[in-house]
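Take a look at the letters that make up each chain.
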Amino acid sequence: TEHAFEQIEAVDAEVQAFLVLNKENALKQADELETTPFEERGPLFGLPIGVKDNIVTEGIETTASSKILEGFNPIYDATVVRKLREAGMITVGKINMDEFAMGSSNENSAYKKTKNPWNLAHVPGGSSGGSAAAVAAGEVPFALGSDTGGSIRQPAAFCGVVGMKPTYGRVSRFGLIAFASSLDQIGPITRTVEDNALLLEAISGVDEMDSTSANVEVPKFSEAIGKSIKGLRIGVPKEYMGEGVSEEVRASVLEALKVLEAQGAVWEEVSLPHSEYALATYYLLSSSEASSNLARFDGIRYGYRAEEAKNLLELYKMTRAQGFGDEVKRRIMLGTYSLSAGSYDAYYLKAQKVRTLIKQDFENVFENYDVIVGPTTPTPAFKVGENVDDPLTMYANDILTIPVNLAGVPGISIPCGFAADGLPLGLQIIGKHFDEATIYQVASAYE
Ligand code: GLN
């Protein structure tokens with residue numbers, strides 16, 4: 001824990017990953033843990049972790065990188081934060097993100113812009129860009145992120161670390177500030193696949209505080225590490241290897257497949273035919289859910305409140321106008337429109353139907369294959385400022401990660417070589433519902 005703070009001190013002025021440090025408490029907690037008998041110490045005991053700032057932490061300011069939550073001090077811990085504590089882990093601080101997890105570059109934070117530790121002129125990805133950058137820069141060996149459309153996997157790919165989006169329902173969302181409740185999942189970001197499996201074990205499981213958490217057994221994911229992949233069947237979607245995916249990204253995936261093949265796995269081209277509709281479907285559904293979830297930020301209950309309002313309606317309007325950033329407002333407007341009486345059938349309902357088709361695409365492939373493998377992102381990390389004025393190009397970054405959230409299946413990104421400019425690339429491995437174990441097995445075979 002001391003080392004984590006030393007490293008943060010040394011590099012965070014440049015990387016800008018942390019919003020709040022929990023130094024005094026963390027060091028005190030570390031001291032107290034010293035008295036725990038050795039037999040009672042689990043594999044993650046005493047290890048420092050950084051927590052994405054949309055996960056609430058009792059007594060530590062939590063803003064989801066939004067001005068509207070400035071000064072909000074939660075009165076309870078998210079279930080995952082409680083579980084970290086029970087595992088003996090030490091929360092060293094809260095980590096920067098795109099406001100309310102909306103974004104792919106960390107440029108949508110109201111507070112600071114995290115940089116990519118591999119090259120500070122580039123973005124770390126988003127929305128969990130701060131978490132991935134903190135791990136890549138050696139500030140913490142473990143971090144929590146959240147993934148609604150790629151927000152764990154895309155920054156993991158951009159920063160050369162391991163990031164897992166678990167099956168929807170695997171990890172409790174209690175205490176995760178909601179973006180799109182039917183898509184959001186919390187997951188681990190780490191340097192190695194084994195660390196990742198251990199952290200997922202610690203945070204998984206049914207929770208009476210989240211009715212969408214699944215009552216299914218939590219296997220020891222770490223036991224899958226190093227298991228033979230002989231005979232394992234891999235599907236490689238042609239839609240993930242075609243147009244829009246850069247040549248070096250494609251080449252790195254083909255190299256990785258060779259490594260897996262050499263260990264006895266077999267791979268074949270498959271098709272996820274509705275992939276081309278995933279981006280539109282995701283932005284309609286996620287924005288619709290966000291417009292409803294974000295209605296609670298009204299200046300009355302949490303954080304920021306506009307000072308000059310003369311009556312209640314004005315208070316709502318001014319607080320929201322001043323408190324939300326541009327991207328969040330864009331999504332609230334799109335979502336409100338798609339849910340309104342005149343457009344509901346044409347947009348929201350239609351998108352729900354397409355979501356079912358996308359889910360069926362995955363189910364069809366998984367009848368014959370154990371995992372699906374492809375790139376995490378079409379390109380390596382782009383430059384700071386490059387896409388800020390062009391939301392559509394920014395959205396297209398998530399084209400390979402979004403279908404996984406719509407289907408609810410788990411997916412990981414692991415480091416997969418480097419682009420010519422020295423930036424890391426990511427390999428995405430997607431599994432069946434609740435089969436994170438096979439993902440870790442394949443990931444460790446490549447790692
Ligand atoms: N970049 C995507 C978006 O802006 C995904 C975000 C996420 O997964 N939280 O919505």
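Nothing here was measured: the structure is a model prediction, and the numbers come from that model.

Draft legend 1. Representation of the pairing of strand S6 (residues 185–190). With 6 of 6 residues buried, S6 lies mostly within the body of the structure. Note: strand S4 (residues 142–147) against S6, 6 bridges, orientation antiparallel. In the sheet register, aspartate 147 faces S6, and the bridge partner there is glutamine 185. Relative to S6, strand S5 (residues 162–165) runs antiparallel, the two sharing 2 bridges. Residue pairing across strands places valine 162 opposite threonine 190, the latter belonging to S6.

Draft legend 2. Representation of the sheet that holds strand S1 (residues 18–21) within the structure. In space, the 11 strands of this open sheet follow the order S1-S3-S2-S4-S6-S5-S10-S11-S9-S7-S8, with mixed pairing throughout. In the strand order of this sheet, the two ends are held by S1 and strand S8 (266–270), each with one partner. Sheet twist, expressed as the mean angle between neighbouring strand axes with direction ignored, is 30°. Of the pairings in the sheet, the one linking S5 to strand S10 (residues 411–418) comprises 3 bridges and is antiparallel in character.

Draft legend 3. Main features of helix H9 (residues 312–323). Helix length check: H9 (12 residues) gives 16 Å between terminal C-alpha atoms against 16 Å at 1.5 Å per residue, within 8%. Of the positions making up H9, those classed as buried are Leu315, Thr319 and Gly323. The arc that holds every buried residue of H9, seen down its axis, measures 30°, which confines them to one face. In H9, those exposed residues whose orientation departs by more than 90 degrees from the buried face are Leu313 and Lys317. Between the side-chain oxygen of the N-cap and the backbone nitrogen of leucine 313 there are 3.3 Å, and the N-cap of H9 in question is asparagine 311.

Draft legend 4. Broad picture of the site of the ligand. Near the ligand lie 15 residues; those nearest to it are Thr148, Gly149, Ser151, Tyr282 and Asp398. In this structure, a nitrogen atom belonging to the ligand sits 2.8 Å away from a main-chain N or O atom of alanine 101. A distance of 2.6 Å separates an oxygen atom of the ligand from a polar backbone atom of glycine 149. Coverage of the ligand by the protein amounts to 100% of the 300 Å² it exposes when considered alone. Looking at the shell around the ligand residue by residue, the classes come out as 5 nonpolar, 7 polar and 3 charged.

Draft legend 5. Fine view of the environment of phenylalanine 297. Its location among the elements puts phenylalanine 297 in the loop between helix H8 (278–293) and H9. Phenylalanine 297 sits in the buried class, given a relative accessible area of 6%. Between the C-alpha atom of phenylalanine 297 and that of aspartate 370, which follows or precedes it by 73 residues, the distance is 43 Å. The contacts of phenylalanine 297, once residues within four sequence positions are left out, are Ile68, Leu69, Phe100, Ile177, Tyr302, Arg320 and Phe324.

Draft legend 6. Inspection of the nonpolar core at higher detail. Counting residues in each nonpolar core, the largest one holds 95 residues, and the members touching the most others are Phe100, Phe362 and Ile429. Phenylalanine 100 has contacts with Ala64, Ser66, Ile68, Leu69, Ile177, Phe179, Leu294, Phe297, Phe324 and Val328, leaving out every residue within four places of it along the chain. With 24 residues, the next largest nonpolar core counts Ala17, Phe18, Ile90 and Ile95 among its residues.

Draft legend 7. Spotlight on the packing of helix H6 (residues 193–203) against helix H14 (residues 436–446). For the pair H6 and H14, interaxial distance at closest approach is 10 Å and the crossing angle is 165°. Between H6 and H14, the interaxial angle falls into the category roughly antiparallel. Every pair of crossing elements has a handedness; the one defined by H6 and H14 is left-handed. Of H14, the residues touching H6 (which contributes Val193, Asn196, Ala197 and Leu200) are Glu436, Tyr440, Ala443 and Ser444. Across the contact of H6 with H14, the residue classes break down as 5 nonpolar, 2 polar and 1 charged.

Draft legend 8. Geometry of a negative patch on the surface. On the surface, Glu2, Glu6, Asp31, Glu32 and Glu34 cluster together to form a negatively charged patch. Mapped by element, the contributors of at least two residues to the negative patch are helix H1 (2–15) and helix H2 (23–33). Relative to the helices and strands, glutamate 32 is located in helix H2. Residue class for glutamate 32 comes out partly exposed when judged on its relative accessible area of 47%.

Draft legend 9. Structural detail: the packing of aromatic side chains. Inspection of the entire model under this criterion finds 12 aromatic pairs. Each ring, one from phenylalanine 100 and one from phenylalanine 324, has its centre 6.0 Å from the other, and the planes form 65°; the classification is edge-to-face. One end of the pair, phenylalanine 100, is in the loop between strand S3 (90–95) and helix H4 (129–136); the other, phenylalanine 324, is in the loop between H9 and helix H10 (326–339), and 224 residues separate them in sequence. Plain terms: the ring middles of tyrosine 282 and tyrosine 283 are 4.7 Å apart, the flat faces sit at 90° to each other, and that makes the pair edge-to-face.

Draft legend 10. A look at empty space enclosed by the protein. Enumeration according to the criterion identifies 2 cavities of 30 Å³ or more in this entry. By volume, the largest cavity amounts to about 90 Å³. As for the largest cavity, its lining consists of 14 residues, and the residues nearest its centre are Ala101, Gly103, Ser151, Tyr282 and Asp398. Of the pockets and cavities examined, the second largest cavity occupies roughly 40 Å³. Taken together, Ala157, Phe158, Val249, Thr377, Thr379, Pro380, Pro424, Leu425 and Gly426 form the lining of the second largest cavity. Residue assignment for the lining of the second largest cavity shows that the elements contributing at least two residues are helix H5 (153–159) and strand S11 (424–431). Take the lining of the second largest cavity: its biggest share by element is 3 residues, from S11. Considered class by class, the residues forming the lining of the second largest cavity number 6 nonpolar, 3 polar and no charged.

Cut-offs applied
Residues numbered from 1 in each chain as written. Predicted model: local features only at pLDDT ≥ 70, side-chain atom pairs only at ≥ 80, totals over all residues. Heavy atoms only, no water. Buried < 20%, exposed > 50% of the residue type's maximum accessible area, 1.4 Å probe, protein only. Helix = DSSP H or I, 4+ residues; strand = E, 2+ residues; numbered from the N terminus. Pairing = 2+ DSSP bridges. Axes fitted to C-alpha atoms, helices over the stretch in contact; angles between N-to-C directions. Expected span 1.5 Å × (residues − 1). Arc of directions from axis to C-beta. Polar contact = N/O pair within 3.5 Å; in protein donor to acceptor, adjacent residues only side chain to side chain. Near = heavy atom within 4 Å. Areas by Shrake-Rupley, 256 points an atom, 1.4 Å probe, with all protein chains shown as cover. Nonpolar A, V, L, I, M, F, W, Y, C, P; charged D, E, K, R; others polar. Contact = heavy atoms within 4.5 Å. Core = buried A, V, L, I, M, F, W, Y, C linked by side-chain atoms within 4.5 Å. Parallel < 35°, antiparallel > 145°, perpendicular 65-115°, else oblique. Left-handed = near helix turned anticlockwise from the far one by under 90°. Patch = residues over 30% accessible without salt bridge, like charges linked within 9 Å, V, L, I, M, F, W, Y side chains within 5 Å. Salt bridge = Lys/Arg side-chain N within 4 Å of Asp/Glu carboxyl O. Lys, Arg positive; Asp, Glu negative; His and termini not counted. Charge placed at Lys NZ, Arg CZ, Asp CG, Glu CD. Phe/Tyr/Trp six-rings, centres within 6.5 Å; stacked < 30°, edge-to-face > 60°. 1 Å grid on protein atoms, 1.4 Å probe; cavity = no way out; pocket = protein on both sides within 12 Å on 5 of 7 lines; lining within 4 Å. Points joined across faces, edges and corners; volume = space filled by probe spheres on them.

Remember that the coordinates give geometry; whether it matters functionally is a separate question.
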